[in-house]
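Each chain is listed here by its residues.
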Protein chains: 2
Amino acid sequence: MNIAAAQSGGPTCAINASLAGVFKAGIRSGAIGTVYGSMNGIEGILKDELIDLSEYIKCDDDLELLRRTPSAALGSCRHKLCDYRTDIEVYEKITECFRRHDIGLFLYIGGNDSMDTVAKLSAYFIDNQIDIKVIGVPKTIDNDLCETDHCPGFGSAAKYVAMTVQEITRDSNVYNLPSVTIIEAMGRHAGWLTASSAALRENGESAPHLIYLPETCFSADKFIEDIKAQMKLHKAVITVVSEGVRTADGRFAAEEFQSAKTDAFGHAYLSGVGKYLEQLVSDRIGCKVRSIELNVMQRCSSHISSLTDIEESEAIGEAAVEAGLSGQTGVMMTYKRLGNAPYSYEIGSVSAQLTANGEKFFPKEWITPNGNDVTQEAIDYVMPLIQGELPPIMKNGMPQHFVI
Amino acid sequence: MNIAAAQSGGPTCAINASLAGVFKAGIRSGAIGTVYGSMNGIEGILKDELIDLSEYIKCDDDLELLRRTPSAALGSCRHKLCDYRTDIEVYEKITECFRRHDIGLFLYIGGNDSMDTVAKLSAYFIDNQIDIKVIGVPKTIDNDLCETDHCPGFGSAAKYVAMTVQEITRDSNVYNLPSVTIIEAMGRHAGWLTASSAALRENGESAPHLIYLPETCFSADKFIEDIKAQMKLHKAVITVVSEGVRTADGRFAAEEFQSAKTDAFGHAYLSGVGKYLEQLVSDRIGCKVRSIELNVMQRCSSHISSLTDIEESEAIGEAAVEAGLSGQTGVMMTYKRLGNAPYSYEIGSVSAQLTANGEKFFPKEWITPNGNDVTQEAIDYVMPLIQGELPPIMKNGMPQHFVI
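Our next topic: the overall build of chain A. What chain A contains, in helices and strands, is 12 helices and 13 strands. Over its C-alpha atoms chain A spans a radius of gyration of 22 Å, differing by no more than 12% from the 22 Å that the globule rule assigns to 404 residues. In terms of its C-alpha atoms, chain A occupies a principal-axis envelope of roughly 65 × 45 × 40 Å. Per-residue burial over chain A gives 59% buried out of 404 residues. By sequence separation, contacts in chain A at least 24 residues apart represent 76% of the contacts at least 6 residues apart.

The following block contains the structure:
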């Protein structure tokens with residue numbers, strides 16, 4: 001029997017570590033012949049674009065390079081399966097491809113849309129007595145998958161955000177005049193990544209002075225009042241804002257600045273809340289103001305990824321193979337946190353159906369009553385996930401990457 | 001006799017290493033009593049805000065932390081002195097402050113505006129037989145100071161840009177569809193930093209596929225033709241553009257997108273050429289397109305600074321003290337490159353007047369004839385400057401910083 005793995009959704013610094021984990025567990029197991037990789041997620045199955053990963057991962061050095069390379073080595077897709085009762089042809093095509101390569105276990109590393117695929121595909125195989133197992137491996141910098149304490153990829157993104165806000169804080173403090181710096185972090189609906197910037201207070205920083213998440217109602221007037229109040233306390237006010245903050249009517253705060261683009265899944269295309277708030281401060285307060293969008297660097301700066309995140313991401317990839325070999329299917333692997341002092345966790349699994357299309361929001365009780373900061377619980381939650389570093393393997397003063 | 005140091009202009013990852021060098025050489029020298037730091041550049045002298053640096057740098061660990069901390073520990077300013085014949089009071093105030101603290105040597109770490117201060121202040125002291133030496137220590141991520149092979153701070157910024165473009169290249173390649181990524185790098189008038197992104201070709205990358213510098217005329221029509229041509233060769237086209245690219249009429253390419261702000265020195269306030277070009281590609285080609293502004297992270301990401309840059313920046317700070325003690329004044333310290341294989345350099349000095357207010361542009365002969373790329377000479381120039389790493393001193397998974 002062979003196995004196949006694929007990567008889907010937005011890339012992270014850790015999705016390749018999970019692939020490395022799958023490969024390692026596959027090679028280690030006596031039960032598996034070949035570990036295949038499907039190019040561009042489920043699309044590679046539909047197009048029969050499978051590669052034998054051992055042709056690319058020939059030694060431990062290759063595996064190590066894969067672990068430390070950002071983005072998805074196998075490529076990604078945003079392809080959502082319809083129900084098999086609506087379009088059975090797609091499912092038959094997938095089954096044919098798997099049969100042709102003697103695939104008995106398929107590992108899908110992705111976010112909630114990918115878990116939808118895991119749920120649908122495993123249901124089809126069960127309903128049709130086809131003995132192919134399907135296991136989901138979570139991944140998202142947004143940390144918004146249900147049923148798991150946290151998500152692979154989040155720790156590295158959180159570490160990047162905290163560290164970068166810290167460095168920007170140094171930069172923002174050089175001039176002897178009042179200033180406002182607005183840092184825009186990713187997060188359409190969930191504020192986990194934005195909230196993680198509060199971690200740097202553990203290093204004695206007062207910044208960030210204001211934190212706005214999509215989970216609270218955003219008001220431009222209150223924002224300006226908050227800024228004015230902080231300007232009395234700090235020369236350089238540092239604010240971190242989720243791209244997805246919304247006003248009371250449910251519209252994105254920066255909606256008037258946006259063109260009404262949507263991505264392939266119908267998600268609203270977002271950018272620019274930082275620029276919008278910069279303009280607002282400039283108009284209403286008139287002080288020095290700068291906005292900074294952390295952009296894709298949040299999800300691809302593997303040169304400063306969290307060792308904890310990379311190790312956990314690899315471990316959950318390995319555990320997924322073991323779960324599939326032990327007969328599980330239609331599940332997503334999960335982390336359960338056992339404690340913070342010392343930090344420990346265990347890997348489990350839940351029905352992928354429970355996580356498909358769902359979103360785990362940042363807890364309301366971890367947001368301060370005035371809606372512009374997070375509590376110590378949020379900091380305690382994120383701290384263990386950003387510990388340790390895994391520097392890239394350098395060549396010519398720049399990282400080496402694993403490229404297929 | 002005591003000495004004083006100050007930092008001025010935009011911060012970098014290396015300006016604190018130069019301050020560390022000044023402190024080290026000052027302490028080492030038997031001739032110097034106290035090493036003072038002036039808060040917020042020359043403004044600290046005018047306000048008599050001098051601190052005894054040994055109260056903050058108490059041990060080697062403190063000095064090491066200073067070396068690895070981004071931005072300007074003493075704060076910065078954008079204060080330009082007028083000629084002493086126009087306003088002698090300012091000069092008398094500076095002299096009083098220096099006399100009060102028995103300062104015989106003033107080190108000013110900054111860019112071309114700071115070198116103007118070095119030139120004016122030293123001329124005033126000479127013309128009035130005041131025995132206070134003034135030495136300039138160069139610093140700018142723009143690398144545009146005349147008379148020196150390169151500038152402290154540039155190597156770290158160049159390393160950040162090359163590495164980040166490499167990581168973004170991985171991120172941009174995940175989907176199996178044509179896309180354009182536009183990365184906006186700093187550089188109002190000089191394209192050194194943007195050009196340094198070409199370094200990553202030494203690691204076998206084809207990216208960046210297009211590079212646009214302020215030193216060539218920018219045309220929106222030609223840009224679109226260039227993009228179309230590259231889209232035939234690469235699925236994900238990666239473009240790096242200087243913030244300061246200009247059209248044939250001398251206007252910034254994105255001028256219509258800009259508000260007409262200027263900074264304290266009358267420099268045009270720039271942002272948004274990336275967003276402008278993103279819109280242009282969206283309108284004229286209609287493919288997936290994203291723009292990314294590297295913003296202040298280019299100058300403050302000390303977690304990935306170049307060891308070569310930090311060591312050279314420290315060495316030039318030390319050499320500045322020695323130059324002043326040996327009787328030089330009114331000069332800016334310089335690097336002279338002796339060779340690339342192996343890389344070696346020596347530190348010298350030139351009249352600050354020669355560098356004050358001047359700008360060293362990227363050589364036209366290092367730009368390819370079609371104006372959208374740089375030659376191997378540019379890569380050979382930047383490679384030695386980005387070698388080596390100096391990881392931050394970590395605490396709680398985040399860097400520790402030196403803060404006064």
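As a further point, take the packing of helix α1 (residues 15-28) of chain A against helix α11 (residues 307-325) of chain A. Residue and element names in this part refer to chain A. Two elements in contact, α1 and α11, have axes separated by 7 Å at closest approach and are oriented at 40 degrees. Classified by the angle their axes make, α1 and α11 are oblique. Crossing hand, α1 versus α11: right-handed. Here α1 contributes A17, S18, L19, A20, G21, V22, K24, A25 and G26 to the contact with α11, which in turn contributes I310, S313, E314, A315, I316, G317, E318, A320, V321 and E322. Each residue belonging to the contact of α1 with α11 can be placed in one class, and the counts come to 10 nonpolar, 5 polar and 4 charged.

Attention now moves to the sheet that holds strand β6 (residues 179-185) of chain A. Residue and element names in this part refer to chain A. Ordered by their spatial adjacency, 4 strands build an open sheet running β7-β8-β6-β9, and the pairing between neighbours is parallel. A strand with exactly one partner marks an edge of an open sheet, and here the two such strands are β7 (210-212) and β9 (288-293). Across the sheet, the mean angle from the axis of one strand to that of its neighbour is 15 degrees, orientation sign disregarded. Two strands pair when backbone bridges link them, and β7 and strand β8 (residues 236-242) are joined in this way by 3 bridges, in the parallel orientation. When the sheet's bridge partners are listed, L210 is paired in β8 with T239. Strands in contact with helix α6 (residues 154-172) are β6, β8 and β9; relative to β6, the strand with the most contacts, it is inclined by about 160 degrees. Strands β6, β8 and β9 of the sheet are contacted by helix α9 (residues 273-284), whose axis makes an angle of about 175 degrees with β9.

All names here are of chain A. Topologically, G187 is positioned in the loop between β6 and α7 (192-195). Taking the C-alpha atoms as reference points, G187 and K58, separated by 129 residues in sequence, lie 37 Å from one another. Apart from residues lying up to four places away in sequence, G187 is in contact with D142, W192, L193, T194, P214, S242, E243 and G244.

After a rotation of 180 degrees and a shift along the axis of 0.0 Å, chain B superposes on chain A with an RMSD of 0.0 Å. When the rotation and shift are considered jointly, the pair of chain copies conforms to a two-fold rotation axis. When each C-alpha of chain B is compared by its distance to the rotation axis, B:E293 comes out closest, at 3.7 Å. Comparing interface residues between copies, 100% of those in chain B also lie at the interface in chain A; the contact surface is shared.

Moving on: the sheet that holds strand β4 (residues 103-110) of chain A. Residue and element names in this part refer to chain A. Read across the open sheet, the 7 strands follow the order β3-β2-β1-β4-β5-β10-β11; overall the sheet is mixed. Taken across any chain shown, the strands that pair with only one partner, and hence form the sheet edges, are β3 (50-52) and β11 (343-351). Here the average twist between neighbouring strands, direction ignored, is 30 degrees. One ladder, built from 6 bridges, connects β4 with strand β5 (residues 133-138); its direction is parallel. The residue of β5 that forms the bridge with Y108 is G136.

All names here are of chain A. Omega for the bond connecting A207 with P208 falls within 30 degrees of zero, at -5 degrees, which places this linkage in the cis form. With respect to the helices and strands, the residue P208 is situated in the loop between α7 and β7. If you check the backbone angles, N396 has positive phi at about 60 degrees while not being a glycine. Along the chain, the position of N396 falls in the loop between β12 (394-395) and β13 (398-399). By the C-beta count within 10 Å, which is 16 here, N396 ends up partly exposed.

Once that is clear, we can look at the domain arrangement of chain A. Residue and element names in this part refer to chain A. Looking at the assigned domains, one finds that chain A contains domain 1 (2-152 + 302-358 + 389-399) and domain 2 (155-300). Placing the centre of domain 1 and that of domain 2 at their C-alpha centroids yields a distance of 32 Å. Listed per partner, the contact involves 20 residues of domain 1 and 18 residues of domain 2. Tallied by class, residues from the side of domain 1 that touches domain 2 come to 6 nonpolar, 8 polar and 6 charged.

The rules behind each value
- Residues numbered from 1 in each chain as written.
- Chains lettered and ligands numbered in written order.
- Predicted model: local features only at pLDDT ≥ 70, side-chain atom pairs only at ≥ 80, totals over all residues.
- Helix = DSSP H or I, 4+ residues; strand = E, 2+ residues; numbered from the N terminus.
- Rg over C-alpha atoms; globule rule 2.2 N^0.38 Å.
- Buried ≥ 20, exposed ≤ 12 C-beta atoms within 10 Å, placed from the backbone.
- Contact = placed C-beta atoms within 7 Å.
- Axes fitted to C-alpha atoms, helices over the stretch in contact; angles between N-to-C directions.
- Parallel < 35°, antiparallel > 145°, perpendicular 65-115°, else oblique.
- Left-handed = near helix turned anticlockwise from the far one by under 90°.
- Nonpolar A, V, L, I, M, F, W, Y, C, P; charged D, E, K, R; others polar.
- Pairing = 2+ DSSP bridges.
- Least-squares fit on C-alpha atoms with pLDDT ≥ 70 in both.
- Domains from an automatic or database assignment.

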